Amino acid sequence: MTAAPLVVLVGPMGVGKSTVGQLLAERLGVGYRDTDEDIVSARGRAIAEIFVDEGESVFRALEKESVRTALAGHDGVLALGGGAILDPDTRGLLAGQRVVYLSMEVEEAVRRTGLNAARPLLAVNPRKQWRELMEARRGLYEEIATVVVATDGRTPEEVTQAVLDAVELKEA
């Protein structure tokens, strides 16, 4: 039998998947893994650099493989990159997993990230592009989610507790 994550976090960039994922892992007494960090570590380059130098399609292929590997080999808390759910095969792999969609509205995204150009998909007119990304992705996040936890106006600790409550996991 292969390992499977205890919880998989999905949601848009800047929603706090990494922060909440680390807090969840600590409170549950399990390991934490982030597929974006896996890609950066394996390639020795920032995601923004991969996007610029090799293109989005190369990054998405790396992301798909990273998610597949992590789903098969990690039994703690797993955070996926914001666009990982775009791939139909990845969505298929998430079926049957405990998937938590961390959601936020555009105003919260502006407050948290400043919607700056360091995000490769938001380089021009960031607010408009964020809205368009969310229009394209929201349904996919909801489709694969076991539960949805809104993060607007909440601290990372409050979101972590809401996730624990929503998926009925007990702390270590």
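Data block above holds the structure.
Described in the following lines is the structure provided in the data block.

What counts as what
- Residues numbered from 1 in each chain as written.
- Predicted model: local features only at pLDDT ≥ 70, side-chain atom pairs only at ≥ 80, totals over all residues.
- Heavy atoms only, no water.
- Helix = DSSP H or I, 4+ residues; strand = E, 2+ residues; numbered from the N terminus.
- Buried < 20%, exposed > 50% of the residue type's maximum accessible area, 1.4 Å probe, protein only.
- Contact = heavy atoms within 4.5 Å.
- Areas by Shrake-Rupley, 256 points an atom, 1.4 Å probe, with all protein chains shown as cover.
- Core = buried A, V, L, I, M, F, W, Y, C linked by side-chain atoms within 4.5 Å.

1. Here we look at the overall build of the protein
Part 1 of the argument: The secondary structure content of the protein amounts to 8 helices and 5 strands.
Part 2 of the argument: Along the protein, from the amino end to the carboxyl end, the secondary structure elements read β-α-β-α-α-α-β-α-β-α-α-β-α.
Part 3 of the argument: Looking at the 172 residues of the protein, the share that counts as buried comes to 44%.
Part 4 of the argument: Restricting the contact set of the protein to residue pairs at least 6 apart, pairs at least 24 apart contribute 72%.
Part 5 of the argument: Element-wise, carbon and sulfur atoms account for 50% of the exposed surface of the protein, whose accessible area totals about 8,300 Å².

2. Considering the nonpolar core
Part 1 of the argument: Counting 18 residues, the largest nonpolar core has Leu9, Val20, Leu24, Val100, Leu102, Val149 and Val163 as its most contacted members.
Part 2 of the argument: When residues of this core are traced back to their parent elements, those giving at least two are β1 (7-10), α1 (17-28), β4 (99-103), β5 (147-150) and α8 (156-167).
Part 3 of the argument: Looking at this core element by element, the count peaks at 5 residues for α8.
Part 4 of the argument: Ignoring sequence-local partners within four residues, the contact set of Val149 consists of Val100, Tyr101, Leu102, Ser103, Arg154, Val159, Ala162, Val163 and Ala166.
Part 5 of the argument: Core analysis: the second largest hydrophobic core is formed by 17 residues, Val10, Leu71, Ile85 and Leu94 among them.

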